[in-house]
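So you can see what is in the structure, the chains are spelled out below.
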Amino acid sequence: MDTSGDTVTCQMSYRVTAGKGHLSPFNFKSLAMTAIYTTGALSQVTVSAGGFDVNLVRQ
């Protein structure tokens, strides 16, 4: 967790240790997620897996 002024950034990593993985046919074995909170509210989530990034931005 990193705090800078009114912004808090939380990072998470996830790894499959046994089995095929998730989201067939990709079978992702690991992913990373970053959640950014601004003034106490969730403002952005980024999920990264297998060279793909998905950004969800609150507007």
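Whatever comes next refers back to the structure up there.
What comes next is a walk through the structure. Values in this document were obtained by computation on a predicted structure and should not be read as measured data.

The rules we used
Numbers given for residues are sequential positions, taken from 1 along each chain in its written order. Reporting of local features is limited, given that this is a predicted model, to residues whose pLDDT is at least 70; pairs of side-chain atoms are given and counted only at 80 or more, and all residues count toward the totals for whole chains, interfaces and linings. Water and hydrogen atoms were dropped before computing side-chain values, which therefore reflect all heavy atoms in the structure. Secondary structure follows DSSP: runs of H or I at least 4 residues long count as helices, runs of E at least 2 residues long count as strands, and numbering of each begins at the N terminus. Each residue gets one of three labels from its accessible area relative to the maximum for its type: buried under 20%, exposed over 50%, partly exposed in between, using a 1.4 Å probe on protein chains only. Here, residues are in contact when the closest pair of their heavy atoms is within 4.5 Å. Polar contact is the term for a pair of N or O atoms within 3.5 Å; when the atoms are in protein, one must be able to donate a hydrogen and the other to accept it, and sequence-neighboring residues count only if both atoms are side-chain atoms.

Our next topic: the environment of Asn55. By the secondary structure assignment, Asn55 is in strand β5 (residues 52-57). Take Asn55: its relative accessible area is 47%, and that puts it in the partly exposed class. Residues Asn55 and Ile36, 19 residues apart in the sequence, show an inter-C-alpha distance of 11 Å. Setting aside residues up to four positions removed in sequence, Asn55 forms contacts with Gln44, Val45 and Thr46. One polar contact links Asn55 to Thr46, side chain to side chain, over a distance of 2.6 Å.

Without other data, these values stay purely geometric and don't point to any function.
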